[in-house]
Amino acid sequence: MTIVNAVVQGIFLGAFYAVLACGLSIMFGVMRIINLAHGDIAVLGAYVVFVIVESTGMSPFIAFIVALPVMIVLGYVLQLTVLERSLKSGILTPLLATFGLSIVIQNLLLIRFSPDVRSLGGNAGAVTTSSWQITSGLSVSALGVVILVVAVLVFGALQLFLSSTRAGWRMRATAEDADAAELVGIDSRGVYARATALAVAIAALGGLFLAIRSVFDPLSGPTQLIFAFEAVVIGGMGSLWGTLLGGLALGVAQTLGANINPEYSALTGHLLFLVVLVVRFGGGRLSLRTAR
Amino acid sequence: MTLLRVEDLDCRYGLLQAVRGLSFEVAQGETVALIGANGAGKSTLLRAIAGAHKPHGGRVVFDEADVTSRAAHSRVALGIALVPEGRRLFPGLTVEENLRVAAARRGRWNVQSVLEVFPLLQPRRHTAAANLSGGEQQAVAIGRALMSNPRLLLLDEVSLGLAPIVVDAVYRSLAGIINEGTTVLLVEQDLTRALKVAGRVVCMLEGRIVLEGEAASLDRDSVVSAYFGLKRPA
Amino acid sequence: MRVQRWTRTSKAFTGATVALAALLATVPLLFEASVVQRLTNLLILVLLAAMWNALAGYGGLLSVGQQAFIGIGAYGTVFFAGLGVSPYPAMVLATLLAGAVSVPISLFALRLRAAQFAIGMWVIAEVISILVRLDQNLGAGTGISLLQLNQYEPNFRQAYTFWLALGFTVIFLAALFFLLRSPLGVSLQAIRDDEDAARSLGVRVAARKRLLFVLAGFGCGAAGVLIVANTLFIEPGSIFSVQWSAYMIFMVLVGGLGTFEGPILGAILLFAIQTNFTQGGPWYLVGLGATAALFALVLPRGLWGTIEERLGLRLLPVGYRVVEVKGDERTA
């Protein structure tokens, strides 16, 4: 029974990772950029919600609605100042620039908020505390269900956006061939900015969930980034539903590891990630994987 | 009236000069063929006119407005559309999505009318572009450019990589478009076709214009010598 | 025309560098222990910067996980010393261990491109960090001291550590120097400039990259060894921290990616900043991160790279110059 419970809890955990990973996947899919500051942006989102909750006392979920426009604007600013420039230079530039940005965000948060660990779990109300006991060995938390449902909705909405709306086609077109997209009248700069804003907004949602289900501090970013990246890789880079599945797989791997020994949880996730990397990229000779 | 005027255009790739101080004009309603050997700078010139290549110097003037510093996508809004070399369709999008993703301007061209001109696409409407044949892809590429109801249609090597019979079909459709009064500037490797479809011919060599004239009045020999640079201008 | 390797400037400078190394060897004899310790830190930074540059600047491999080897070097030292090996030989062994571990890792890691490689290395560092953390014999999460060094009188200990640091730095810089001057080195620069073109010319790209990766593994391991020798205490949280990568990125980006002298300049700069500002304060890190990002975006060649480009200057002869010789009048 405990295995079943572990898997179920793993799915809930994985849904959280999927939300974290979603934004990373969007940015990679559209711009081929891996934003090393992605985790820190999620944490920043958590702090924005935190500030709103502290000063107004409203529920974190409502506070998120208020925080969302702030994060979206931040996304546009990020794209237009840092990311756009880094796209024009080499492959390494976006990685280096976003790494620097990551350090900046972490330490600015540290200065403003101190290293204290915080949580919004207490402010979220009944959602965090209620659960259903299915059997003696299996309990399902309301929060877990909420995050899972939201994750599926977010991915579903994104998929719908990309497949059925003109703006979505434009984003796909720009992702496939930005130069040709420009030639048919698509403003690629605008598409990139929208993609980043979308990624940042969903990252902030991830931050909200982090704050509610667990604790966070200014230096939590890199951990979230690693899990998000692992989810994207496990599910297959460039595939949106893959990222959801990858997140779930990562969550289950971690909880199964924790089942063996609580200290193993992150480790089993890392091992799954490394195995997937080897299998996917290590099969043939180096020359077979030249295309990026 | 002059629809397009290129003044003293200088286009480079790093240190390589692809277009050297080139000037020429296209009048409204004209069909001009750009010919020349590989590397003459024809594609670069088209791309510079469309806004995909930033010139090192010179101006591109469209309908008396200087568009040199305008991004490509905003030129489409003004009425310039390029069918790029190699088609460059969006492989993951279907035929219909490829057409509808293009910026639309008011005019007689829409998905329906494009499919009427290229009836071979009708049954392939929801097929991903990556799964189309060469001829079908070329049709979609031209159709995609038409969706913006361009005043100036730029075509880069539409016959490249296609079987002659397919090229015939493409040019038949083009003839219809030309007859409707769209100004067309096309790059074409096949001299015979170029001379047949165009009213005026411009021959380029190493980034410069070496011969220019009415298609009907030019004799093949002088065109061929200019093409290969056999008689270099002083 | 003649192809020239040594110019007057580079001859003078190389001579000066050798003299400098000899001069540095006298440092422990002239200065007190705390100064020697700080200068040991400087040498560690130089070594780290040179190694990260070897990977990224000459191999195009952006690693955010070199702290894995730093940690292996540090914990390796503690491990071997714990087995009864004398501390300084243990340090050499630990360096060899780090290099040895880098070989199997390279078989897997080098198949990855750009972002996968960067974060893949980071995950590997995390995995090793977790494994160390689980080992009670290595002090688990709380850390461990290199007690065996207490057998030495502090001044002597500091001197030995400094000389070891100087030795490592000279060895690894010399290795890199001769690597770059060899035919191997030219192919490395070709790989950096255009990998596919290089491959099509027959350059065995994979083997070259592996060489750089293993060299960096050795070098970062050596740095880890020196860190534990210099500070006597390590814990997984800090020795395996991604902050080391942040320092390396800063030094190389600001100093000059892909140049030989640049990372050294960057290390000196970071050292100067560290001694003047309280180490580890958040504002200082904000500055580091922002500066690194700024250089990546605006001045990708770094300070030295820009100077080199503007003045056509090369202090150390790692390149070639084509020189006009009298009598070269006939032209094409």
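Please read these numbers as outputs of a predicted model, since none were measured by experiment. (Residues numbered from 1 in each chain as written. Chains lettered and ligands numbered in written order. Predicted model: local features only at pLDDT ≥ 70, side-chain atom pairs only at ≥ 80, totals over all residues. Heavy atoms only, no water.)

1. Comments concerning the overall build of chain B
Applied cut-off: The numbering of helices and of strands both runs from the N terminus, where a helix is a DSSP run of H or I of at least 4 residues and a strand a run of E of at least 2. The globule rule used for comparison is 2.2 Å times the number of residues to the exponent 0.38, while the radius of gyration itself is calculated over C-alpha atoms. For every residue, the accessible area (1.4 Å probe, protein chains only) is compared with the maximum for its type, and the residue is labelled buried under 20%, exposed over 50%, or partly exposed between those bounds. By definition in these notes, contact holds between two residues if any of their heavy atoms fall within 4.5 Å. Accessible areas in this description were obtained via Shrake-Rupley with a 1.4 Å probe; residue shielding takes into account the shown protein chains only. Counted as positive: Lys and Arg. Counted as negative: Asp and Glu. His and the chain ends are not counted at all. Taken as the charge location is NZ of Lys, CZ of Arg, CG of Asp or CD of Glu.
Tallying secondary structure elements over chain B gives eight helices and 10 strands in all. At 17 Å, chain B has a C-alpha radius of gyration in line with the 17 Å of a compact globule built from 234 residues. Overall size of chain B, expressed as C-alpha extent along the three principal axes, is 55 × 40 × 35 Å. When burial is assessed residue by residue, chain B has 56% of its 234 residues classed as buried. Within chain B, contacts between residues at least 6 apart in sequence are counted, and of these 69% link residues at least 24 apart. Accessible surface, chain B: about 9900 Å² in total, of which carbon and sulfur atoms supply 51%. Separation of charge centres in chain B, based on 27 positive and 24 negative side chains, amounts to 4 Å.

2. Considering helix H10 (residues 205-231) of chain C
Residues and elements named next belong to chain C. Put simply, the rule reads: Every helix has an expected span of 1.5 Å times one less than the residues it contains.
Compared with an ideal rise of 1.5 Å per residue, which puts 27 residues at 39 Å, H10 spans 39 Å between its outermost C-alpha atoms and is within 8% of the ideal. A large share of H10 lies buried, amounting to 21 of its 27 residues. Directly beyond the C-terminal end of H10, a positive phi value near 70° is found at Leu232.

3. Examining the pairing of strand E1 (residues 131-135) of chain A
For the record, the criterion: At least two bridges found by DSSP between two strands are what make those strands a pair.
As defined by bridge partners, E1 of chain A adjoins strand E2 (residues 138-141) of chain A across four bridges and the pair is classed as antiparallel. Bridge pairing in E2 of chain A places Ser131 of chain A opposite Ser141 of chain A.

4. Looking at the arrangement of the chains
The assembly contains two pairs of chains in contact; the pair sharing the most contacts is chains A and C. Between chain B and chain C there is no contact; the minimum C-alpha to C-alpha separation amounts to 15 Å.

5. Considerations on the side chain of Ser74 of chain B
Residue and element names in this part refer to chain B. Put simply, the test is: A 3.5 Å cut-off defines polar contacts: any pair of N or O atoms within that distance qualifies, except that in protein one atom must be a possible hydrogen donor and the other a possible acceptor, and neighbouring residues in sequence count only when both atoms are side-chain atoms.
Examined against the element boundaries, Ser74 turns out to sit in helix H2 (residues 72-78). The class of Ser74 is buried, set by a relative accessible area of 18%. Polar side-chain contacts of Ser74 include one of 2.9 Å to the backbone oxygen of Ala71.

6. Regarding empty space enclosed by the protein
Using the following cut-off: In this analysis, the protein atoms alone were mapped onto a 1 Å grid. Cavities are point sets where a 1.4 Å probe fits without being able to get out; pockets are open sets with protein on both sides within 12 Å along at least five of seven lines; lining residues have an atom within 4 Å of a point. Grid points are joined across faces, edges and corners, and a volume is the space filled by probe spheres set on the points.
Under the counting rule described, the total for this entry stands at two cavities of 30 Å³ or more. What the largest cavity holds in volume is close to 50 Å³. If you go around the largest cavity, the residues you meet are Phe99, Gly100 and Ile103 of chain A together with Ala246, Ile249, Phe250, Leu285, Leu288, Gly289 and Ala292 of chain C. Among the elements of the structure, helix H4 (92-113) of chain A together with helix H12 (243-255) and helix H14 (282-298) of chain C are those that each provide at least two residues to the lining of the largest cavity.

7. Overview of the packing of aromatic side chains
Put simply, the rule reads: Two aromatic rings, drawn from Phe, Tyr or Trp (for Trp, its six-membered ring), form a pair once their centres lie within 6.5 Å of each other, and the interplanar angle then sorts them: stacked below 30 degrees, edge-to-face above 60, tilted otherwise. Consider the ring centre and the ring normal. A charge sits over the ring if Lys NZ or Arg CZ is within 6 Å of that centre and within 35 degrees of that normal.
Tallied over the full model, the rule gives 22 aromatic pairs over all chains. Ring-pair connections join several aromatic residues into one group, and the members of that group are Tyr88, Tyr152, Phe156, Tyr160 and Trp163 of chain C. When the ring centre of Phe28 of chain A is taken as origin, the NZ or CZ atom of Arg32 of chain A, which lies over that ring, is 5.2 Å away. Its end group placed over the ring of Trp109 of chain B, Arg108 of chain B keeps NZ or CZ at 3.8 Å from the ring centre.

8. Focus: the confidence of the model for chain B
Predicted coordinates in areas of low pLDDT are best not read in detail. Basically, it comes down to this: Confidence of the predictor at the level of single residues is captured by pLDDT, which takes values from 0 to 100.
Across chain B, the average pLDDT comes to 89, with 98% of residues at or above 70. Predicted as a complex, the structure gets a pTM of 0.87 and an ipTM equal to 0.89.

9. Comments concerning the pattern of salt bridges
For the record, the criterion: Here, a salt bridge means any side-chain nitrogen of Lys or Arg that lies within 4 Å of a carboxyl oxygen of Asp or Glu.
Applying the stated criterion across every chain, the model contains 19 salt bridges over all chains. When the shortest N-O distance is used, the salt bridge between Glu84 of chain A and Arg189 of chain A registers 2.7 Å. Placement of Glu84 of chain A in helix H3 (residues 60-88) and of Arg189 of chain A in helix H9 (residues 188-213) is noted, with a sequence separation of 105 residues between them. Assessed through its relative accessible area of 49%, Arg189 of chain A is described here as partly exposed. Put simply, Arg88 of chain B and Asp179 of chain A hold a salt bridge, and the shortest N to O gap is 3.0 Å. On the criterion of chain membership, the pair formed by Arg88 of chain B in the loop between strand E6 (80-83) and helix H3 (95-101) and Asp179 of chain A in helix H8 (residues 178-183) is interchain, its members lying in two chains.

10. Points about the layout of surface pockets
Heads up, the condition is: Gly is put with the polar residues, along with every residue not named as nonpolar or charged; the nonpolar set is Ala, Val, Leu, Ile, Met, Phe, Trp, Tyr, Cys and Pro, and the charged set is Asp, Glu, Lys and Arg.
There is about 1000 Å³ of room inside the largest pocket. Counting only elements with at least two residues in the lining of the largest pocket, the list comes to helix H1 (2-31), H4, H9, helix H10 (221-235) and helix H12 (265-281) of chain A together with helix H6 (114-133) and helix H11 (236-239) of chain C. Broken down by element, the residue count for the lining of the largest pocket peaks at six residues, all from H4 of chain A. A breakdown of the residues in the lining of the largest pocket according to their chemical character gives 22 nonpolar, 14 polar and five charged.

11. Examining a nonpolar patch on the surface
Residues and elements named next belong to chain C. This is how the line gets drawn: Within the patch definition used here, like charges are joined within 9 Å and nonpolar side chains (Val, Leu, Ile, Met, Phe, Trp, Tyr) within 5 Å, considering only residues with over 30% relative accessible area and no salt bridge.
Taken together, the side chains of Leu29, Leu30, Phe31, Phe156, Tyr160 and Trp163 make up a nonpolar region of the molecular surface, amounting to roughly 640 Å² of accessible area. Of all the elements in the fold, those that place two or more residues in the nonpolar patch are helix H2 (27-30) and helix H7 (154-181). Examining the composition of the nonpolar patch, we find that three residues originate from one element, H7, more than from any other. Mapped onto the secondary structure, Leu29 falls in helix H2.

12. Things to note about the nonpolar core
This is how the line gets drawn: Among the buried residues, those of types Ala, Val, Leu, Ile, Met, Phe, Trp, Tyr and Cys that are joined through side-chain atoms within 4.5 Å form a nonpolar core.
By size, the foremost hydrophobic cluster in this structure holds 254 residues, and its most contacted members are Ile142, Leu153 and Leu155 of chain B together with Leu48, Phe213 and Met251 of chain C. Considering each element in turn, this core owes the most residues, 16 residues, to helix H3 (residues 33-59) of chain C. In this structure Leu155 of chain B touches Leu46, Val83, Ile142, Leu174, Val184, Leu185, Leu186 and Val187 of chain B, once residues within four positions along its chain are discounted. In this structure, Leu34, Ala48, Ala50 and Leu152 of chain B belong to the second largest nonpolar core, which totals 31 residues.

13. Here we look at the interface of chain C and chain A
Stated precisely, the cut-off is as follows: Buried area: the accessible area, evaluated with a 1.4 Å probe, that two parts lose upon being put together, summed over both parts.
Contacts between chain C and chain A engage 40 residues on the former and 41 residues on the latter. Taken over both partners, the interface formed by chain C and chain A buries close to 3800 Å², and the fraction arising from carbon and sulfur atoms is 84%. Sorting the residues of chain C by area buried against chain A places Arg111, Ile119 and Leu297 of chain C first, and these three jointly supply 17% of that buried surface. Linking chain C with chain A are zero salt bridges. Put simply, chain C and chain A have zero residue pairs in polar contact (both at pLDDT 80 or more) between them. If you list the elements that add at least two residues to the side of chain C that touches chain A, you get H3, H6, helix H9 (195-200), H12 and H14 of chain C.

14. Re the interface of chain B and chain A
The partner chain A presents 17 residues to the 21 residues of chain B that form the contact. Taking both partners together, chain B and chain A bury about 1800 Å²; carbon and sulfur atoms supply 57% of that area. The three residues of chain B that bury the most area against chain A are His73, Phe90 and Val101 of chain B, which together make up 32% of that side's buried surface. Counting across the interface, chain B meets chain A through 11 residue pairs in polar contact (both at pLDDT 80 or more).

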